[in-house]
Every structure is written in structure tokens, then in C-alpha cells.
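Structure assessment
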Amino acid sequence: PILPRRPILDLALDTTLSPLDWLSLWNQTYFSMHGEGITRNDVGVTFTKRRWGSWSVGYSRRNGYYDYQDIVKYDNIEDMLFDKPLELVTNALELKLNQRWSLGFSSQDDLLTKENYERNVRLTYSDPCFRVSGYYSSERDGKEQSIRLRLELLGLS
């Protein structure tokens, strides 16, 4: 086979350090359970103001195996991207419109190709019992677009 089976997802380590109420430093590292070592590493900083929302900026390095699930969904072998590393700069803005509504925007740009990797817009309504979010995503310079609706029932685990 072109790509071997990978039945086990990467092991993720998520670390956050908040030295101040308005400042968080974070890191997410993904380790392959199939011998490729670190497949993804994200580092960044988030600035938060409770009343208005937050802004995050980060850097992500991903090896060619990280997007395995995205690679195998294509029908044509010519569309598959093998061993293509990514270096992404991420900006994410979350604005609280009022106590119940918030608007989010995030953008990831590839430093190696100088192209947009992904853009997301999200509108969220929060209630004490549930949260509903509508998402619009555009990936790889608008070549892939999607709309999602997510319902979270709070308090269920």
C-alpha cells in the first residue's frame, strides 16, 4: 500500500501556563505512536480581557504524517500530498458581543508556501444548559469550503 494503516492516533500533550490573569502561554505537542516522533508542535500566547474576548497568536510545525486523515480522503493519487511539512502562523480573535453571543475568527498561513492554509469564522450562542456554534471554514486558498453546526450540551461528560 501507498500509506500503511495507522489505527492509533497521535498522543497529545497540552500545556498551558498563565502567569497573569490576561496572559497565557501554551504548547501542544503530538507524538506518533507509529515511530515518526513528533508529528506536530504548536506554541503560542493568548491575551484575554474578560469583557471583550481574546486574541491568540501561535506557530505550528507539522511533519508530513500529521495530516494523515486528510491525505487518505482524496480519490486520486495525484491529489495526495506526501511528506509535505507545514510551518503555520495562526491568529485567532474571539469577540464577546454580549453575555450570550460571541464571534470568532481564525487564520492559519503557511510560511513555506506563503499561502493561506485555513480561515474560520464562528458565531456562538451560549446558554447555561447548551451552546450552539455555526462555523464557516475555507481551506487551502478557498479550494475546500465547509459549513458546520455544533451543539454542545453542557454538564454532560
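Residues numbered from 1 in each chain as written. Predicted model: local features only at pLDDT ≥ 70, side-chain atom pairs only at ≥ 80, totals over all residues. Heavy atoms only, no water.

Notes on the overall build of the protein
Here is the rule: What counts as a helix is a DSSP run of H or I of at least four residues, what counts as a strand is a run of E of at least two, and both are numbered from the N terminus. The classification of residues rests on relative accessible area computed with a 1.4 Å probe and restricted to protein chains. Under 20% of the type maximum is buried, over 50% is exposed, and intermediate values are partly exposed. Working rule for contacts: check all heavy atoms of both residues, and any pair within 4.5 Å makes them a contact. Here the accessible surface of atoms and residues is derived via Shrake-Rupley with a 1.4 Å probe, and residues count as covered only by protein chains that are part of the display.
Helix and strand content of the protein: 1 helix and 9 strands. In sequence order, the secondary structure elements of the protein are arranged as β-β-β-β-α-β-β-β-β-β. Looking at the protein residue by residue over its 157 residues, the buried ones come to 27%. Considering only intrachain contacts with a sequence separation of at least 6, the fraction spanning at least 24 residues in the protein is 33%. Carbon together with sulfur atoms contributes 58% to the accessible area of the protein, which is approximately 10800 Å² in total.

What to know about the sheet that holds strand β1 (residues 11-20)
Defined as follows: A pair of strands counts as paired when DSSP detects no fewer than two bridges linking them. Every axis corresponds to a line fitted to the C-alpha atoms, with the helix fit spanning only the stretch in contact, and the corresponding angles, defined between N-to-C directions, vary from 0 to 180 degrees.
Pairing in this open sheet of 9 strands is antiparallel, and the strands run β1-β2-β3-β4-β5-β6-β7-β8-β9 from one edge to the other. Only two strands of the sheet have a single neighbouring strand rather than two, namely β1 and β9 (144-153). On average, each strand axis in the sheet is inclined to that of its neighbour by 15 degrees, with strand direction left out of account. Bridge count between strand β4 (residues 53-62) and strand β5 (residues 86-96): 10 bridges; the pairing is antiparallel. Looking at β5, one finds that Ser 54 is bridged to Glu 94.

With respect to the environment of Leu 112
Position of Leu 112 relative to the elements: it lies in the loop between β6 (101-110) and β7 (116-126). Non-local contacts of Leu 112, meaning those with residues more than four positions away in its chain, are made with Pro 85, Leu 86 and Glu 87.

Brief notes about the pairing of strand β2 (residues 23-31)
Taken together, the 8 bridges between β1 and β2 define a ladder with antiparallel strand orientation. Bridge pairing in β2 links Leu 20 to Leu 23. Where β1 folds back on β2, the antiparallel hairpin that results is connected by 2 residues. Here 9 bridges tie β2 to strand β3 (residues 38-49), and the two strands are oriented antiparallel to one another. Bridge assignment links Tyr 30 to a residue of β3, and that residue is Arg 40. Counting the residues between successive antiparallel strands, the hairpin from β2 to β3 contains 6 residues, one of them, Gly 35, with a positive phi of roughly 90 degrees.

Some thoughts on the pattern of salt bridges
Test applied: Salt bridges are counted wherever a side-chain nitrogen of Lys or Arg sits within 4 Å of a carboxyl oxygen of Asp or Glu.
According to the stated counting rule, one finds 7 salt bridges in the structure shown. Here Glu 87 ties to Arg 61 by a salt bridge, and the two come within 3.1 Å at their closest N and O atoms. Remark: Arg 61 occurs in strand β4 and Glu 87 occurs in strand β5; sequence separation between them is 26 residues. You can call Arg 61 partly exposed: its relative accessible area is 39%. Arg 122 serves as the salt-bridge partner of Glu 94, at 2.0 Å between the closest nitrogen and oxygen.

Let's talk about the environment of Ile 38
By the element assignment, Ile 38 lies in strand β3. Spatially, the C-alpha atoms of Ile 38 and Asp 10 are 8.9 Å apart, while their sequence positions differ by 28 residues. In this view, Ile 38 contacts Thr 29, Tyr 30, Phe 31 and Asn 63; residues no more than four positions away in its chain are not counted.

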